Amino acid sequence: MRKFYSFLLICASIVSFSSLISCDKDDIVGILLNTTNCKKDFYTDESFTYEGLVVSKIFESNREEVLEENEYKVTNVDLSTPGIKVVYVNYLEFSEKYLVSSADVNDKLLGIEISGTYRTKYNEGEIFQTKGLIVEGVYLNKKMEVFDYTLSITRGLKVEDTSIDILYKGYSKTIEIEVKKDNIIWGPIS
């Protein structure tokens, strides 16, 4: 009888050990998408890419394992019309999605232009004045005045300041300025 129990214990151990070995796909409960480094804003003239997407399989034990790109499938997305698009990512029987947008190529910012009559001569300590400064976003078929630009210098100007950069959505233009010591009287605005 004792040998019979020993035999059962050995069989039970083998069954438990073999179930640990073969649990790789059986205990997967889902997938997780990390789109942090993945492009999500496109224009209608661009091709869809999911470069930077990280897909992980999730196990019952909450363990994560990153999948290789050839282990999962990503649906192609038609960006030719503007709007919000759904991207599906599939692995085995699991599916997750994330959103991308496609904007009209005519709304693509190509740069900025600066015009207007604005002050370029200052006394030390004065703040750069934007009165008369016109900043325009340049698009494929239009120009549009923008107001949410930033200045590279927002403090009181110093004699060594010779220019100020106007910054807007990754583009910049430089305005040359002249700064003199206090109490210098400049002539008419130039």
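This text goes with the structure placed above it.
Everything in this summary refers to the structure shown in the same document. (Residues numbered from 1 in each chain as written. Predicted model: local features only at pLDDT ≥ 70, side-chain atom pairs only at ≥ 80, totals over all residues. Heavy atoms only, no water.)

A few points about the packing of aromatic side chains
Next up, step 1: Applying the stated criterion to the full structure yields three aromatic pairs.
Next up, step 2: Geometrically, the ring pair formed by Phe-48 and Tyr-50 is tilted, given 6.3 Å between the ring centres and 35° between the ring planes.
Next up, step 3: You can call Tyr-50 partly exposed: its relative accessible area is 23%.
Next up, step 4: For the pair Tyr-122 and Phe-128, a centre-to-centre distance of 5.7 Å together with 45° between the ring planes defines the contact as tilted. Note on accessibility: Tyr-122 and Phe-128 belong to one class, buried. (Phe/Tyr/Trp six-rings, centres within 6.5 Å; stacked < 30°, edge-to-face > 60°. Buried < 20%, exposed > 50% of the residue type's maximum accessible area, 1.4 Å probe, protein only.)

Describing the nonpolar core
Side chains of nonpolar character tend, in soluble globular proteins, to be buried together.
Next up, step 1: One finds Phe-48, Leu-53, Val-55, Tyr-72, Val-89 and Tyr-98 to be the most contacted residues of the largest nonpolar core, which totals 20 residues.
Next up, step 2: Of all elements in the fold, only strand S1 (28–34), strand S3 (54–59), strand S6 (83–91) and strand S7 (94–103) reach the threshold of two or more residues within this core.
Next up, step 3: Among residues more than four places away in sequence, those in contact with Val-55 are Ile-31, Leu-32, Leu-33, Glu-65, Val-66, Leu-67, Tyr-72 and Val-89.
Next up, step 4: Residues Tyr-118, Leu-133, Val-135 and Tyr-168 belong to the second largest nonpolar core, which totals 19 residues. (Core = buried A, V, L, I, M, F, W, Y, C linked by side-chain atoms within 4.5 Å. Helix = DSSP H or I, 4+ residues; strand = E, 2+ residues; numbered from the N terminus. Contact = heavy atoms within 4.5 Å.)

Side note on the environment of Glu-124
Next up, step 1: In this structure, Glu-124 sits in the loop between strand S9 (121–123) and strand S10 (133–139).
Next up, step 2: Each C-alpha atom of the pair Glu-124 and Lys-181 lies 5.1 Å from the other, and the pair is 57 residues apart in sequence.
Next up, step 3: Dropping the residues within four chain positions of it, Glu-124 is found in contact with Leu-157, Lys-158, Val-159, Val-179, Lys-180, Lys-181 and Asp-182.

Let's talk about the pattern of salt bridges
Next up, step 1: This model, assessed by the stated rule, comprises ten salt bridges.
Next up, step 2: Ionic pairing is found between Lys-143 and Glu-113, a salt bridge with its closest N-O pair at 2.6 Å. With Lys-143 in strand S11 (residues 143–145) and Glu-113 in strand S8 (residues 109–116), the pair connects residues that are 30 residues apart, well separated along the chain.
Next up, step 3: Classification of Lys-143 by relative accessible area gives partly exposed; the value is 47%.
Next up, step 4: A residue is classified by how much of its surface remains accessible, and Glu-113, at 31% relative accessible area, is partly exposed.
Next up, step 5: A salt bridge links Arg-155 to Asp-161; its shortest N-O distance comes to 2.8 Å.
Next up, step 6: Relative accessible area serves as the criterion here: at 36%, Arg-155 is assigned to the partly exposed category. (Salt bridge = Lys/Arg side-chain N within 4 Å of Asp/Glu carboxyl O.)

Regarding the sheet that holds strand S12 (residues 150–151)
Next up, step 1: Taken in spatial order, the three strands make up an open sheet running S12-S13-S14, and their pairing is antiparallel. The open sheet has two edge strands, S12 and strand S14 (171–176), and neither has a second partner.
Next up, step 2: Note that S12 and strand S13 (residues 163–168) share two bridges and pair antiparallel. Directly across from Leu-151, in S13, lies its bridge partner Ile-166. (Pairing = 2+ DSSP bridges.)

Some words on the pairing of S6
Next up, step 1: By the bridge criterion, two bridges tie strand S5 (residues 73–74) to S6 in an arrangement that is antiparallel. Paired with Val-74 across the two strands is Val-89, which belongs to S6.
Next up, step 2: Both S6 and S7 contribute to a ladder of nine bridges, which runs antiparallel. Of the residues in S7, the one forming a bridge with Val-87 is Tyr-98.
Next up, step 3: Hairpin connection of S6 to S7: two residues between the antiparallel strands, including Leu-92 at a positive phi of 50°.

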